[in-house]
Amino acid sequence: MRMIAAVDENWGLGKNGDLLTSIPEDMRFFRQTTQGKALVMGSKTLRSFPNAKPLPGRLNIVMTRQKDARFPGCVVCDGMDSLLAFLAGFAPDDVMVIGGGGIYTQLLPYCTEALITKMRFNGEADTFLPDLDSLPEWSVAEESEQKEHDGIKFSFLTYKNSAVKPLGYSAAPLSTDMSSYFKNNKTIELECFDTENQAYKAELKALLNAFFYPLGNGVSANEVKAFLENEPAVSFESYLRKKRLIAARADIEALAEKYANDSAGSRRVTLEKGQPNELYS
Ligand SMILES: NC(=O)c1ccc[n+]([C@@H]2O[C@H](COP(=O)([O-])OP(=O)(O)OC[C@H]3O[C@@H](n4cnc5c(N)ncnc54)[C@H](OP(=O)(O)O)[C@@H]3O)[C@@H](O)[C@H]2O)c1
């Protein structure tokens, strides 16, 4: 796994629950680098996002010690043990640690790389990342040219860890890119077959909810533990699909196909997020 952070000249990360500053090129870099990945964050970092909503197009894994906590659209882990067991089921390149201070510090030993945006100013932070320059196992592998925004000089650095701690063995198959499930899907066009089939309607409703609102009210830490205990040979993606917590466009199209009934005739309909429809409301 890798970590990504933007720091000031004192390795400061944030102040009063917010970022120190926001540089558009750095925000773009963050968005591009984390697309489609599984992101690990502390509950305070989630709360620092607009309306405390998860980042779209990515699997948001939130750390909290509050038992039974749920965050809409997120997966929760309530301790390092279950988090590390859970992450062992993902391809290392698919996981990124995105903060804040405590989470970076705890997961640093497991990271192969740290993508650091160094900003040359003093943001008088109250939350910090360990100074990687002072840790013997971390060294700079790449550094971009110096850039400037609003009078703040900054550059992108890649640090590498020469003593990566292994996550341990996982029996579960590795994850695939899950970004498509977490896109902000607003509509789906479907070939629908006029049917009064209640089983079709119930299945369609479950799939559409999973498609428009991936993970729904969220997956709790206890559910993650149950997944790890009971489904050791199943990828998290298949588990979520089976539970109808995520759905792909193709799943919904395949369902319509399954219930195709030529004699009843068909019509093309556009189903919209938040708009109940006679087909599934
Ligand atoms: N510059 C950057 O790149 C960057 C990146 C991310 C964040 N930030 C900034 O950093 C600040 C937030 O960071 P933070 O260090 O205060 O908070 P944080 O790391 O985002 O969240 C801390 C919370 O994570 C949970 N947690 C931590 N360790 C845990 C463990 N082992 N098991 C279960 N839960 C655990 C606890 O949640 P509960 O209290 O719910 O139990 C804890 O209060 C904000 O200012 C934010 O803007 C900056």
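Along each chain, numbering runs from 1 in the same order as the chain's sequence is written. Where local features are concerned, this predicted model is filtered to residues with pLDDT of at least 70; where side-chain atom pairs are given and counted, the filter is 80 or more; whole-chain, interface and lining totals use all residues.

Undergrad: Could you give me a rundown of the overall build of the protein chain, with the residues and numbers involved?
TA: The helix and strand labels rest on DSSP assignments: H or I over at least four residues marks a helix, E over at least two residues marks a strand, and numbering proceeds from the N terminus. Counting its secondary structure elements, the protein chain contains eight helices and 14 strands. With respect to the principal axes defined by its C-alpha atoms, the protein chain has extents near 70 × 45 × 30 Å. Put simply, the protein chain has 281 residues, and 32% of those count as buried. Contact definition: two residues whose C-beta atoms, as placed from backbone geometry, lie within 7 Å. Partitioning the intrachain contacts of the protein chain with sequence separation of at least 6 by distance along the chain shows that 77% fall at a separation of at least 24. Comment: burial labels come from other C-beta atoms within 10 Å of the residue's own C-beta, placed from the backbone, where a count of 20 or more is buried, 12 or fewer is exposed, and between is partly exposed.

Undergrad: An account of the pairing of strand β1 (residues 2-7) is needed here, citing residue identities and associated values.
TA: Summarising burial for β1: six of the six residues are buried, a large majority. Both faces of β1 are covered, namely the face carrying Arg2, Ile4 and Ala6 and the face carrying Met3, Ala5 and Val7. As judged from the two bridges shared by β1 and strand β7 (residues 95-97), these two strands associate in the parallel manner. What sits directly across from Arg2, in β7, is Met96. If DSSP finds at least two bridges between two strands, the strands pair. With six bridges connecting them, β1 and strand β8 (residues 113-120) associate as parallel partners. In the sheet register, Val7 faces β8, and the bridge partner there is Lys118.

Undergrad: So what's going on with the site of the ligand? Which residues, and what values?
TA: In the vicinity of the ligand, 28 residues are found, and the nearest of them are Gly14, Gly42, Lys44, Gly99 and Gly100. If you tally residues by element for the shell around the ligand, the top one is helix α4 (residues 101-107), at four residues. Note on residue categories: nonpolar means Ala, Val, Leu, Ile, Met, Phe, Trp, Tyr, Cys or Pro, charged means Asp, Glu, Lys or Arg, and polar means any other residue, Gly included. Residue classes in the shell around the ligand are distributed as nine nonpolar, 15 polar and four charged. Any residue whose C-beta atom, as set from the backbone, lies within 6 Å of a molecule or strand is reported as near that molecule or strand.

Undergrad: How would you summarise the environment of Thr158 if you had to cite specific residues and measurements?
TA: Inspection of the secondary structure puts Thr158 in strand β12 (residues 152-161). Exposure remark for Thr158: the 14 C-beta atoms within 10 Å place this residue in the partly exposed category. For the pair Thr158 and Ile116, spaced 42 residues apart in the sequence, the C-alpha separation amounts to 6.2 Å. Excluding residues that lie within four positions of it along the chain, Thr158 makes contacts with Glu113, Leu115, Ala141 and Glu142.

Undergrad: Now, about the packing of helix α5 (residues 198-212) against helix α8 (residues 249-258): what can you tell me, with residues and values included?
TA: One can describe the packing of α5 onto α8 by two numbers: an axis separation of 10 Å at closest approach and a directional angle of 165°. Judged by the inter-axis angle, α5 sits roughly antiparallel to α8. Crossing of α5 against α8: the hand is left-handed. Contacts between α5 and α8 involve Glu203, Leu204, Leu207, Leu208 and Phe211 from the former and Asp251, Ile252 and Leu255 from the latter. Residue classes in the contact of α5 with α8 are distributed as six nonpolar, no polar and two charged. Axis definition: a line fitted to C-alpha atoms, over the contacting stretch in the case of helices. Angles run 0 to 180 degrees between N-to-C directions. With respect to orientation, any angle under 35 degrees is reported as roughly parallel, any angle over 145 as roughly antiparallel, any angle of 65 to 115 as roughly perpendicular, and every other angle as oblique. Crossing handedness is defined as follows: a turn of the near helix away from the far one that is anticlockwise and smaller than a right angle gives a left-handed crossing, while the clockwise case is right-handed.

Undergrad: So, the nonpolar core: which residues are in play, and what are the values?
TA: Membership of the largest hydrophobic core comes to 64 residues, with the highest contact counts inside it found for Met3, Ala5, Leu39, Val40, Val76 and Val97. Two domains share this core, each providing at least three of its residues, namely domain 1 (2-161) and domain 2 (184-223 + 232-272). Discounting chain neighbours no more than four positions away, the residues touching Leu39 are Thr34, Leu55, Arg58, Leu59, Asn60, Ile61, Met96 and Ile98. Connectivity within a nonpolar core runs through C-beta atoms within 7 Å, and the core itself is a set of buried Ala, Val, Leu, Ile, Met, Phe, Trp, Tyr and Cys residues. These domain boundaries are the output of an automatic or database domain assignment.

Undergrad: Residues and numbers for unusual backbone geometry, please.
TA: Gly100 follows Gly99 through a cis peptide bond whose omega is -5°. Mapping Gly100 onto the fold places it in the loop between β7 and α4. Here the phi dihedral of Trp11 falls at roughly 65°; this positive angle occurs in a residue that is not glycine. Here Trp11 is to be found in the loop between β1 and β2 (12-15). Of the residues examined, Trp11 has 19 C-beta atoms within 10 Å and is grouped as partly exposed.

Undergrad: A description of the pairing of strand β4 (residues 38-42) should follow, citing residues and the corresponding values.
TA: Of all five residues making up β4, five are buried, and the element is well covered by its neighbours. Burial along β4 is two-sided: the residues Ala38, Val40 and Gly42 and Leu39 and Met41 are all buried. The pairing of β4 with β7 spans three bridges and is classified as parallel. Within β7, the residue paired with Ala38 across the bridge is Val95.

Undergrad: Any chance you could break down the domain arrangement of the protein chain for me, citing the residues and the numbers?
TA: Domain annotation for the protein chain reports domain 1 (2-161) and domain 2 (184-223 + 232-272). Each partner contributes residues to the interface: domain 1 has 13 residues there, and domain 2 has 10 residues. If you tally residues by element for the side of domain 1 that touches domain 2, the top one is strand β6 (residues 74-77), at four residues. Of the residues belonging to the side of domain 1 that touches domain 2, the class tally is seven nonpolar, three polar and three charged.

Undergrad: Please give an account of helix α6 (residues 221-230) that cites residues and values.
TA: When α6 is considered as a whole, its buried residues turn out to be Ala221, Val224 and Phe227. Seen from one end, α6 has its buried residues packed into an arc of 115°, which puts them on one side. Seen from the open side of α6, the exposed residues pointing more than 90 degrees away from its buried face are Glu229 and Asn230. In this structure, the buried residues of α6 make contact with β6, α3 (80-87) and α7 (236-242). The arc under discussion is defined with respect to the helix axis, by the directions toward the C-beta atoms.

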